[in-house]
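Per-entry structural report
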Amino acid sequence: VSQSRYKPDFNVGPGLNDDYIKFFRYAHDLINKQDTGLISFITNNSFIKSQASQQMRISLLKDFDEIYILNLNGDKTKEDKNVFDIKTNVCISFLVKTGLKEKDTFGKVFYADLIGTKEFKFESLQNKNFKFQELKLEAPNYFFIPLDNELLKVYNEGFSLGDIFKVLHGCR
């Protein structure tokens, strides 16, 4: 299975070498051989907000009509507990391909958050006590989390360390 659609032409480090990314990619390839389908995983949630996963998110947006992210978190507050008694934050992802989306458009992303004790999260899942909100995605990152896009624009207008410290070859 090729990961070329998820990995840009430069080395992004070990972030995209995680097994859950490989399973996403494999399932993505299988669904792309069909006109319709559904993928659902419970995984590490880093891909929804990681800079290294930008190309993965773009690829998913191109191929799926709707993407639902139920973020179960795990360490957002002191009281926030992981449902699996592990340190890695997790989410449940549902990727829906109906075959109705126009070819050169992005799918829609819907997001819900559960923060609290393990028991609260299990009860919320059992009773479907959460509500998805559609996200307004912003280029170039297309994060699958709600963001204050105005604040992000102000941040992006700032200066980079590369602009401040111009080093060509060696120390100066």
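So, a few notes on the structure that sits alongside this text. Note that the structure is predicted; figures quoted are calculated from it, not measured. (Residues numbered from 1 in each chain as written. Predicted model: local features only at pLDDT ≥ 70, side-chain atom pairs only at ≥ 80, totals over all residues. Heavy atoms only, no water.)

1. Overview of the packing of aromatic side chains
Counted according to the given criterion, the structure contains nine aromatic pairs. Ring centres 4.9 Å apart and planes at 15° place the aromatic pair Tyr68 and Phe110 in the stacked group. You can see Tyr68 sitting in strand β2 (residues 66-73) and its partner Phe110 sitting in strand β4 (residues 108-113), a full 42 residues away along the chain. Consider the rings of Phe106 and Tyr142, whose centres lie 5.1 Å apart with planes at 85°: the pair is edge-to-face. Here Phe106, found in the loop between β3 (90-97) and β4, pairs with Tyr142, found in the loop between β5 (133-134) and α4 (149-156); they are 36 residues apart in sequence, far enough to count as distant. The exposure class of Phe106 is partly exposed, given its relative accessible area of 33%. One aromatic cluster is present, built from ring pairs that chain together Tyr20, Phe24, Phe41, Phe47 and Phe144. (Phe/Tyr/Trp six-rings, centres within 6.5 Å; stacked < 30°, edge-to-face > 60°. Helix = DSSP H or I, 4+ residues; strand = E, 2+ residues; numbered from the N terminus. Buried < 20%, exposed > 50% of the residue type's maximum accessible area, 1.4 Å probe, protein only.)

2. Observations regarding unusual backbone geometry
Of note, the bond from Ala139 into Pro140 is cis; its omega dihedral lies within 30 degrees of zero at 5°. Within the secondary structure, Pro140 is located in the loop between β5 and α4. In this model, Lys128 sits at a positive phi of 55°, which is unusual for a non-glycine residue. Tracing the chain through its elements places Lys128 in the loop between α3 (118-126) and β5. Of note in the backbone geometry, Tyr142 takes a positive phi value of approximately 50° without being a glycine.

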